[in-house]
Protein chains: 2
Amino acid sequence: MSTSTLAAPAAGLREGAFGNATGLVCRECRATQPLGPFYACQECFGPLEIGYDFPAVTREQIEAGPKNIWRYQPLLPVPADIASSPNMEPGFTRLLKAHNLGRELGLKNLWVKDDSGNPTHSFKDRVVAIALSAARELDMKVFACPSTGNLANAVAAAGARAGMKTVVFIPHDLEIPKVVASAIYTNSLVAVRGNYDDVNRLASEIAGEEDGWAFVNVNVRPYYAEGSKTLGFEVAEQLGWRLPQQVVIPVASGSQLTKVDKGFQELVSLGLVEDTPYKIFGAQAHGCSPVSAAFKDGHDVVRPVKPDTIAKSLAIGNPADGPYVLDVARRTGGAIEDVTDEEVRDGIQLLARTEGIFAETAGGVTIATLKKLVETGQLDPEAETVVFNTGDGLKTLDAVADRVGPAATIDPSYTAFTAIGLV
Amino acid sequence: MSTSTLAAPAAGLREGAFGNATGLVCRECRATQPLGPFYACQECFGPLEIGYDFPAVTREQIEAGPKNIWRYQPLLPVPADIASSPNMEPGFTRLLKAHNLGRELGLKNLWVKDDSGNPTHSFKDRVVAIALSAARELDMKVFACPSTGNLANAVAAAGARAGMKTVVFIPHDLEIPKVVASAIYTNSLVAVRGNYDDVNRLASEIAGEEDGWAFVNVNVRPYYAEGSKTLGFEVAEQLGWRLPQQVVIPVASGSQLTKVDKGFQELVSLGLVEDTPYKIFGAQAHGCSPVSAAFKDGHDVVRPVKPDTIAKSLAIGNPADGPYVLDVARRTGGAIEDVTDEEVRDGIQLLARTEGIFAETAGGVTIATLKKLVETGQLDPEAETVVFNTGDGLKTLDAVADRVGPAATIDPSYTAFTAIGLV
């Protein structure tokens, strides 16, 4: 069944509420259902994703759009007037040519996609912006999420700007900076006695019991996940409408990696880029590497683990999109690798010293994995490569605080200065 | 003497090293001298600024440029090929329509220019990018600054990416986060026993003793300062090539405010915007408000003060551009106001809760001043107004850490959740 012959959207939706999206499609059995606050297939309980009937879209049309993710509105499940609604205006972050890091690692043609420039300094602003639009169009009353960090910041900020009631659930023992950077936006931050899994379970329970709650990563997840496609769109556009030959992407739930692939495929199918081969590589921390382990063992299923790593934003022991990540890596000829916490710290420092980008631990995972992939010959050093930094070092200072510091402490005199031998 | 008849640039400079800049002009006596590593007038010791001979520049030309400050290359003292040199690619940050904050304050047409989206999350990336280009073109060997925070982060990052030897001087008792967010980029961070004034004096001494050191805010300051014009350029372009009627800008050294004015004037003189009247307002923290005090007293000179405020990035007791700030505010019909530290904290929270932007203390000063200017009738509530947020709340968490937090801490059960009355 083509997505263009899907059933009409649920009653009460305004015309064009989801742009060119036509319905929800099961990623397992391909059964379809109308657009609505649904995330599981009615036939097989498989996860749903968005189906579209795309019109012709030109590069010029996109380039004339706003300098944020809404330039890709025709390719997202959002209405045509999305740019004028109150939202965070995320995206179109820097794609930096990384001469220094490339030289250091022996890569001829390396780029860093730096998503720390987003409004709350992680890629989560992208996915949350789409979830916010869905919550609005579905006439939901409360905007919410369970989270331990970046997602909480993004949801609380976007909800505040949109003037929507926003409730964010966090584990009770979270670090103060992460609490402050969410609580600054909302009076409805709820601490839960338990770990992230407990918080997550509570969120699912509330989503089931209460009407009108949009948990961004639970019941509006199909919309939310589409936001990650914009990372793929931007990379291609910023390269001059061309797909890179290799990409290295961090894997938490795995959604981001699979959606970058989906984004690339859509650009090809719309004729916006040439259909050139690309390989997608995934990066995990060794202390939470269920997808990497499955990849190396040649398994199709991902066995859950109990996370133990400093890369907390990637610490999902039972990643929802794990099997799809394996599919993408294998289909494109990529791989999934993992690195130790010590390598993560090295990765953060390496990126900072070579390119002036201070990444959070997730970025350290990705840079360290990039290095390992080159060293083990899994990555072609001649091929054009893009590595993703998805978060900001200011949020995970502790990871490197004991490694860096002043070279010297001196008295305020020229003599004292010359004595330390910097000139 | 017109700037187009200035002496030829200093020997050894490559053709077009400074774009359309033609020389250095004294802001006091208007004497001119060639482009070089100079910051004080040879005639009267007054501060120097850049003179230009601008060619015709069109809106289309600018709009076709990169999505960063280099789109304004013809209006900056940088070479035509600047975009391809290794740099941080700062600028073109969000200009957000602030419906909620406007409604809260009784302003009909309010915008926030949010510069926390810059690479190291403050407007300093703009000025440092121009200083870096000057250092390179003047063939200087070391890139340096004295700083207590944002400037240190920006210089260390830009120097790392440019592959230039970079030395950053900070007071020895700086908060750990600010130390880490600079030391992550460089091995040459130097802690100095003393306060910021001691560090600053040491920097000037080194600049005088050593050849080839580019202290961004000392001996290449005329170039550095031009970077702030891009804030004015962007606001005008993002409004659809139009000047706002009112702008509210924080005042530390005062350079930013005067350069936004210079930027507006240049856009008018080039015919890029209509010559419509605008008023420029300055914002200071009461604990360091020498310019505000002079404005209110009707003085032309600014009496230095010893700073005592939580807004440390604005804590310059003897602001170099103070008198010029007074000139701009008086000429345009604006004003300079100041607010208490408690109002600063309120301002941070107000901006976060209404627009989803987490500002550093300097942003809190500006928002609180905006509020006070409306309440005291100094700002026209009907006029189009732009308020600047120049830094990021993640760098000054302590200012609000004891004010915000979870609404409740609950057990992980639906019953416990319903008991707190959020639904």
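Residues numbered from 1 in each chain as written. Chains lettered and ligands numbered in written order. Predicted model: local features only at pLDDT ≥ 70, side-chain atom pairs only at ≥ 80, totals over all residues. Heavy atoms only, no water.

## Thoughts on the interface of chain B and chain A
For step 1, the next point in the chain: The interface is formed by 77 residues belonging to chain B together with 77 residues belonging to chain A.
For step 2, the next point in the chain: Here chain B meets chain A over a buried area of about 6,400 Å², counting both sides, of which 63% is carbon and sulfur.
For step 3, the next point in the chain: Between chain B and chain A we count four salt bridges in total.
For step 4, the next point in the chain: Across the pair arginine 193 of chain A and aspartate 411 of chain B runs a salt bridge whose closest N-O atoms are separated by 2.9 Å.
For step 5, the next point in the chain: Counting the contacts that link chain B with chain A gives 33 residue pairs in polar contact (both at pLDDT 80 or more). (Contact = heavy atoms within 4.5 Å. Buried area = accessible area lost by both parts, 1.4 Å probe. Salt bridge = Lys/Arg side-chain N within 4 Å of Asp/Glu carboxyl O. Polar contact = N/O pair within 3.5 Å; in protein donor to acceptor, adjacent residues only side chain to side chain.)

## Comments concerning helix 8 (residues 229-238) of chain B
Residue and element names in this part refer to chain B.
For step 1, the next point in the chain: Most of helix 8 is tucked away, with nine of its 10 residues classed as buried.
For step 2, the next point in the chain: For helix 8, the complete set of buried residues consists of Lys229, Thr230, Leu231, Gly232, Phe233, Glu234, Val235, Ala236 and Glu237.
For step 3, the next point in the chain: Glycine 240 sits one or two positions beyond helix 8 and adopts a positive phi of about 95°. (Buried < 20%, exposed > 50% of the residue type's maximum accessible area, 1.4 Å probe, protein only. Helix = DSSP H or I, 4+ residues; strand = E, 2+ residues; numbered from the N terminus.)

## As for the relation of the copies chain B and chain A
For step 1, the next point in the chain: Superposing chain B onto chain A requires a rotation of 180° together with a translation of 0.0 Å along the rotation axis, leaving an RMSD of 0.0 Å. Considering both components of the superposition, the chain copies are consistent with a two-fold axis. Taking C-alpha positions as the reference, the residue of chain B nearest the rotation axis is glycine 117 of chain B, at 2.5 Å.
For step 2, the next point in the chain: Mapped onto chain A, 99% of the interface residues of chain B are again interface residues, and the two copies thus contact each other with one and the same surface. (Least-squares fit on C-alpha atoms with pLDDT ≥ 70 in both.)

## Looking at the environment of glycine 377 of chain A
For step 1, the next point in the chain: With respect to the helices and strands, glycine 377 of chain A occurs in the loop between helix 13 (361-375) and strand 13 (385-389).
For step 2, the next point in the chain: Taking the C-alpha atoms as reference, glycine 377 of chain A lies 40 Å from alanine 56 of chain A; in sequence the two are 321 residues apart.

## Digging into the packing of helix 10 (residues 290-297) of chain A against helix 11 (residues 322-332) of chain A
All names here are of chain A.
For step 1, the next point in the chain: Here helix 10 crosses helix 11 at 50°, and the two axes come no closer than 10 Å. Compared by their axis directions, helix 10 and helix 11 come out oblique. The element helix 10 and its partner helix 11 pack so that their crossing is right-handed. In this structure, helix 10 contributes Val291, Ala294 and Phe295 to the contact, and helix 11 contributes Gly322, Val325, Leu326, Ala329 and Arg330.
For step 2, the next point in the chain: Of the residues belonging to the contact of helix 10 with helix 11, the class tally is six nonpolar, one polar and one charged. (Axes fitted to C-alpha atoms, helices over the stretch in contact; angles between N-to-C directions. Parallel < 35°, antiparallel > 145°, perpendicular 65-115°, else oblique. Left-handed = near helix turned anticlockwise from the far one by under 90°. Nonpolar A, V, L, I, M, F, W, Y, C, P; charged D, E, K, R; others polar.)

## Here's the deal with the packing of helix 3 (residues 124-137) of chain B against helix 4 (residues 150-162) of chain B
Residues and elements named next belong to chain B.
For step 1, the next point in the chain: Where helix 3 meets helix 4, the closest approach of the two axes is 9 Å, and the angle between their N-to-C directions is 45°. Of the possible angle classes, the one that applies to helix 3 and helix 4 is oblique. Crossing of helix 3 over helix 4 shows right-handed handedness. Together, Lys124, Asp125, Val128, Leu132 and Arg136 of helix 3 and Asn150, Leu151, Ala154, Val155, Ala158 and Ala162 of helix 4 make up the contact between the two elements.
For step 2, the next point in the chain: When its residues are assigned to classes, the contact of helix 3 with helix 4 shows seven nonpolar, one polar and three charged.

## Points about the confidence of the model for chain A
For step 1, the next point in the chain: Residues of chain A with pLDDT of at least 70 account for 97%, and the chain-wide mean is 94.
For step 2, the next point in the chain: Note that residues 1-8 of chain A has pLDDT below 50 and, in this model, 16 contacts with residues that lie over four places away or in other chains. (pLDDT = per-residue confidence, 0-100.)

## Some points on the pairing of strand 6 (residues 142-146) of chain A
All names here are of chain A.
For step 1, the next point in the chain: Counting buried positions over the five residues of strand 6 gives five, a clear majority of the element.
For step 2, the next point in the chain: Burial of the side chains of strand 6 extends over both faces: Val142, Ala144 and Pro146 are buried on one face and Phe143 and Cys145 on the other.
For step 3, the next point in the chain: Inspection of the sheet shows strand 6 paired to strand 7 (residues 165-171) by five bridges, in the parallel sense. For cysteine 145, the partnering residue across the bridge sits in strand 7 and is valine 168.
For step 4, the next point in the chain: The parallel pair strand 6 and strand 7 is bridged by helix 4 (residues 150-162), and the resulting crossover is right-handed.
For step 5, the next point in the chain: Note: strand 6 against strand 9 (residues 213-215), three bridges, orientation parallel. Considered in strand 9, the bridge of alanine 144 is made with phenylalanine 215. (Pairing = 2+ DSSP bridges. Right-handed = clockwise from strand over helix to strand, strands pointing away.)

## Brief notes about the UniProt feature "domain: Tryptophan synthase beta chain-like PALP" (unreviewed entry) in chain A
For step 1, the next point in the chain: Taking the UniProt record as the reference, the feature "domain: Tryptophan synthase beta chain-like PALP" (unreviewed entry) is found at residues 90-391 of chain A.
For step 2, the next point in the chain: Between the end C-alpha atoms of residues 90-391 of chain A there is a gap of 13 Å, over a span that is 45% helix and 16% strand. (UniProt positions renumbered as here; feature names shortened; annotations may be inferred.)

## As for the sheet that holds strand 10 (residues 246-250) of chain A
Two pairing modes exist for strands in a sheet, parallel and antiparallel, and in both the strands are linked by backbone hydrogen bonds.
All names here are of chain A.
For step 1, the next point in the chain: The strand order across the open sheet formed by six strands is 4-5-13-10-11-12, and the pairing between neighbours is mixed. Two strands lie at the open edges of the sheet, namely strand 4 (94-97) and strand 12 (336-339), each paired on one side alone. With strand direction ignored, the average angle separating the axes of adjacent strands in the sheet is 25°.
For step 2, the next point in the chain: Of the pairings in the sheet, the one linking strand 4 to strand 5 (residues 110-114) comprises four bridges and is antiparallel in character. Residue lysine 97 lies in a different strand from strand 5, and its bridge partner there is tryptophan 111.
For step 3, the next point in the chain: Most of the contacts of helix 11 go to strand 11 (residues 279-285), to which it runs at about 135°, and overall it touches strand 11 and strand 12.

## Side note on the side chain of threonine 361 of chain A
Residue and element names in this part refer to chain A.
For step 1, the next point in the chain: With respect to the helices and strands, the residue threonine 361 is situated in helix 13.
For step 2, the next point in the chain: Judged by its relative accessible area of 2%, threonine 361 is buried.
For step 3, the next point in the chain: Ignoring any residue separated from it by four or fewer positions in sequence, one finds threonine 361 in contact with Ile310, Ala311, Lys312, Val344, Ile348, Thr396 and Ala399.

## Comments concerning the packing of aromatic side chains
One pair of aromatic rings is described through two measures. These are the centre distance and the angle between the planes.
For step 1, the next point in the chain: Counting across every chain of the model gives 22 aromatic pairs over all chains.
For step 2, the next point in the chain: For the pair tyrosine 72 of chain B and phenylalanine 233 of chain B, a centre-to-centre distance of 5.2 Å together with 45° between the ring planes defines the contact as tilted. With tyrosine 72 of chain B in the loop between helix 1 (59-63) and strand 4 (94-97) and phenylalanine 233 of chain B in helix 8, the pair connects residues that are 161 residues apart, well separated along the chain. In terms of burial, tyrosine 72 of chain B and phenylalanine 233 of chain B fall into one category: buried.
For step 3, the next point in the chain: Judged by centre distance (6.5 Å) and plane angle (40°), the ring pair of phenylalanine 169 of chain B and tryptophan 213 of chain B falls under tilted. On the criterion of sequence distance, the pair formed by phenylalanine 169 of chain B in strand 7 (residues 165-171) and tryptophan 213 of chain B in strand 9 (residues 213-215) is long-range, its members being 44 residues apart.
For step 4, the next point in the chain: Given the relative accessible area of 0%, phenylalanine 169 of chain B is considered buried.
For step 5, the next point in the chain: Pairwise contacts between aromatic rings join Phe169, Trp213 and Phe215 of chain A together with Tyr414 and Phe417 of chain B into one cluster.
For step 6, the next point in the chain: The residue whose ring lies beneath arginine 27 of chain A is tyrosine 324 of chain A, and the NZ or CZ to ring-centre distance is 4.0 Å.
For step 7, the next point in the chain: For the cation-ring pair, arginine 71 of chain B lies above phenylalanine 92 of chain B, with the distance from its terminal atom to the ring centre recorded as 4.1 Å. (Phe/Tyr/Trp six-rings, centres within 6.5 Å; stacked < 30°, edge-to-face > 60°. Lys NZ or Arg CZ within 6 Å of the ring centre and 35° of its normal.)

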